[in-house]
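Close look at the chain arrangement
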Amino acid sequence: MGTGRKRRQSNYLVQGSILAAASIIVRLIGAVYRIPLTRILGDRGNSYYSCAFELYSMMLLISSYSLPLAVSKLVAARIGAGQRKNAQRIYKGAMVFAGMIGTVIAVITYLGADFFTGKILSTPESAMALKVIAPAIVLVAFIGVYRGYFQGMGTMMPTAVSQIIEQVVKTAVGLLAAYYMVRYGMKISAILGSEVWGAAYGAAGATFGVVAASLVT
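Residues numbered from 1 in each chain as written. Predicted model: local features only at pLDDT ≥ 70, side-chain atom pairs only at ≥ 80, totals over all residues. Heavy atoms only, no water.

Examined against the element boundaries, Thr 159 turns out to sit in helix α7 (residues 157–192). You can call Thr 159 buried: its relative accessible area is 1%. Not counting chain neighbours up to four residues away, the residues in contact with Thr 159 comprise Leu 19, Arg 147 and Gln 151. (Helix = DSSP H or I, 4+ residues; strand = E, 2+ residues; numbered from the N terminus. Buried < 20%, exposed > 50% of the residue type's maximum accessible area, 1.4 Å probe, protein only. Contact = heavy atoms within 4.5 Å.)

This paragraph deals with unusual backbone geometry. One non-glycine residue, Ser 122, lies in the positive phi region at around 55°. Summarising the element assignment, Ser 122 is placed in the loop between α4 (113–120) and α5 (127–133). The exposed category is assigned to Ser 122, whose relative accessible area is 57%.

To continue, consider the layout of surface pockets. To find leftover empty space, one rolls a probe the size of a water molecule over the atoms. For the largest pocket, the calculated volume is near 680 Å³. Taken together, 21 residues form the lining of the largest pocket, with Leu 60, Val 140, Arg 147, Gln 163 and Glu 166 sitting closest to its centre. Secondary-structure elements contributing two or more residues to the lining of the largest pocket are α1 (2–64), α6 (136–152) and α7. A per-element tally of the lining of the largest pocket places α1 first, with eight residues. (1 Å grid on protein atoms, 1.4 Å probe; cavity = no way out; pocket = protein on both sides within 12 Å on 5 of 7 lines; lining within 4 Å. Points joined across faces, edges and corners; volume = space filled by probe spheres on them.)

As structure tokens, this is what we get:
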């Protein structure tokens with residue numbers, strides 16, 4: 001019994017260290033990412049991006065904030081009782097739930113983007129960025145279930161690897177998309193005689209990085 005307990009404690013320490021290391025790497029990449037993104041978007045573009053991302057984060061809280069933890073606990077309980085088939089059923093059921101609630105919230109976010117950005121945050125120019133990022137709500141819900149399942153199985157490696165991949169793709173795609181969309185938006189601005197489009201399109205490009213990262217993950 002003592003040996004088994006020591007092994008479990010050692011495993012928890014290893015898994016926790018893996019997750020902590022991944023978290024540090026993700027934060028470092030995120031910190032580096034913000035520097036060129038700020039330069040690409042400028043003050044106005046960053047404002048639009050921040051507004052869209054703030055609303056997106058609120059919608060994530062509604063749709064999938066507690067899913068990983070709930071799935072992890074339920075799966076761990078079934079695995080502990082030797083009920084692997086029931087653990088699989090929980091995973092599949094959670095995926096269905098994530099798809100349903102994620103889709104509903106994503107549709108609300110997309111269709112209500114003009115209202116949310118215009119009436120709530122008084123930044124209607126960020127509506128485009130919010131519409132672009134809306135599909136990520138569904139994808140993140142699925143990812144949460146996936147991560148929670150493996151955490152319940154006692155391994156943090158899939159979560160750690162997926163977090164790093166997600167951040168790398170978000171950084172690469174977000175910066176490239178923002179760069180090219182800013183320039184496209186500036187052409188639109190020249191045609192329409194308004195300066196906001198470069199920033200608005202750039203913010204939309206940056207949020208596309210989130211969607212791309214969720215798809216790859």
